[in-house]
Amino acid sequence: MANTINQKQNFLKGIIKENPTFVMLLGMCPTLGVTTSAFNGLGMGVATLFVLLMSNIVVSLVKNQIPDKVRIPAFIIIIASFVTVVEMVLEAFIPFLYEQLGIFIPLIVVNCIILGRAEAFASKNDVLSSVIDALGMGIGFVIALTILGATREILGNGSIFDFRIVPENANTFIIFILPPGAFIALAFLTVLFNKVTSKIVG
Amino acid sequence: MSKKESTFINMVVSLLIITLISGFLLGYVNDLTIKPKARARLQKKVDALKIVLPKFDNNPVENVKKIKLDKFKDSIEIYTAYLSNSKVGVAITSSSEKGFNGLVKLMVGFKLNGNIQKIQILDQKETPGLGAKMKGDKFLKQFNGKNPSTYKLKVKKDGGDIDALTGATISSRAVAESVQLAYDEFVKTKKSTKTTEN
């Protein structure tokens, strides 16, 4: 079964056709919560990518050892362990990012992208396919969060990756930094993304 | 390899093994990161001290004085800086929970006459683009060189001397409050050290 998967498609589907944020609308809590700046979006995306990759690997390795009825709690324990590892490592070695992401790191545990991929993909496929699936989905998520963060930072704060493009005192659309702006920006970007990709993919 | 049946024994054993492994892994990583974590936190304080205090050559972190106030969860920390054995300044960490999103923690450096040398924000969760601009020099530099005995630590809206951040009066009030708290402590310690010295 696993051999028949086209790995290139497997990788690309996470970025375009099944983009977790813009197409499947999964993991909305960190998506809306942390993307106040491009850098925060990128940081959250990379942290999630790491957890997703590790959990997909482990889940696909142990899938046959876990009885069906307890698979969800087993997956959650695996995911939660990796999230806690990420949290401790970030606090120890990248305190700056840890401060920025703060409460949203523990929330990676309940990010439905990760459990979703463990359940829908890694528990049915071999390790290689699961790694590629995780990379595709993770990168799709990173791209989506970075775009969303960048949009909100440009419109709301007049800067991108902390690089100012408008003068310090210019009036910016502060609403885009605030929570409502997350919903507005996400909605418009989702429309745009699907418009563009439907033209490319056909 | 066939899938394990969902028998009671199988379920208990597999969950037990998974939790055991994850427990050991977490313990191991915790051990590994506990020192760097403490170092990172300390480094942050040392960096802040270097910014807010006049030039010093002792290690203020070594003889920090912690004071617990009933009003606040965090204790106030007092760092004294010396340059060639004479006191040059005092840095006080202080906080306010009246920020827009809760806790605002900062460090104020005082010269011996009570003038504010510099302020550094240690911790805040204010809105990026609004209250979070309190970290910027533009807002903080208005405190530099001011003496709170004559300079009213309140935003202009409340009849004080501080220019509030645009659209972030609440955050500015939190800063004002914690600077005031730090100054009160500064005055108290100054009095108490004087009486002991006399």
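Heads up: the structure comes first, above all this text.
Residues numbered from 1 in each chain as written. Chains lettered and ligands numbered in written order. Predicted model: local features only at pLDDT ≥ 70, side-chain atom pairs only at ≥ 80, totals over all residues.

K.L.:
Give me the lowdown on the packing of helix α4 (residues 71–93) of chain A against helix α6 (residues 112–122) of chain A, citing residues and values where you can.
P.N.:
The angle between the axes and the distance between the axes are what describe a pair of packed helices. All names here are of chain A. At a closest axis distance of 10 Å, the pairing of α4 and α6 adopts a crossing angle of 130 degrees. Classed by the angle they form, the pair α4 and α6 counts as oblique. Between α4 and α6 lies a crossing whose hand is right-handed. Touching F75, I76 and I79 of α4 are I114, L115, A118 and E119, all from α6. (Axes fitted to C-alpha atoms, helices over the stretch in contact; angles between N-to-C directions. Helix = DSSP H or I, 4+ residues; strand = E, 2+ residues; numbered from the N terminus. Parallel < 35°, antiparallel > 145°, perpendicular 65-115°, else oblique. Left-handed = near helix turned anticlockwise from the far one by under 90°. Contact = placed C-beta atoms within 7 Å.)

K.L.:
Please give an account of the pairing of strand β2 (residues 76–83) of chain B that cites residues and values.
P.N.:
All names here are of chain B. Pairing analysis gives 3 bridges linking strand β1 (residues 65–67) to β2, with the strands arranged antiparallel. Looking across to β2, one finds that K65 is bridged to I78. In this sheet, strand β3 (residues 86–99) lies alongside β2 in antiparallel orientation, the contact comprising 7 bridges. Each bridged residue has a counterpart across the sheet, and for L83 the counterpart in β3 is S86. (Pairing = 2+ DSSP bridges.)

K.L.:
Break down the interface of chain A and chain B for me, citing the residues and quoting the values.
P.N.:
Many descriptions give the size of an interface as the accessible area lost when the pieces come together. The interface of chain A with chain B comprises 27 residues on the first partner and 26 residues on the second. Counting residues per element, the ones that place at least two in the side of chain A that touches chain B are α4 and α7 (127–157) of chain A.

K.L.:
Describe helix α1 (residues 7–15) of chain A, with residues and values.
P.N.:
Residues separated by three or four positions in an α-helix point in the same direction, a consequence of the helix having 3.6 residues per turn. Residue and element names in this part refer to chain A. Within the span of α1, buried status applies to N10, G14 and I15. End-on view of α1: buried residues confined to an arc of 140 degrees, all on one side of the axis. Seen from the buried face of α1, the exposed residues on the opposite side, beyond 90 degrees, are K8 and Q9. For α1, the secondary structure elements touched by its buried residues are α7. (Buried ≥ 20, exposed ≤ 12 C-beta atoms within 10 Å, placed from the backbone. Arc of directions from axis to C-beta.)

K.L.:
I'd like to hear about the sheet that holds strand β4 (residues 102–111) of chain B, residue by residue, with values.
P.N.:
All names here are of chain B. An order of β1-β2-β3-β4-β5 is seen for the 5 strands of this open sheet, with the pairing classed as antiparallel. Two strands close off the open sheet at either side, each with one partner strand: β1 and β5 (116–124). Taken pair by pair, the neighbouring strands of this sheet meet at an average axis angle of 20 degrees, ignoring direction. Alignment of β3 against β4, held across 9 bridges, turns out to be antiparallel. Note that in β4 the partner of G89 across the bridge is K111. Running at roughly 155 degrees to β5, helix α1 (residues 8–52) makes contact with β2, β3, β4 and β5 of the sheet.

K.L.:
Help me get a handle on the environment of N59(B), residues and values and all.
P.N.:
Residues and elements named next belong to chain B. Looking at the secondary structure, you find N59 in the loop between α1 and β1. For N59, a count of 13 C-beta atoms within 10 Å puts it in the partly exposed group. Residues N59 and Y79, 20 residues apart in the sequence, show an inter-C-alpha distance of 9.1 Å.

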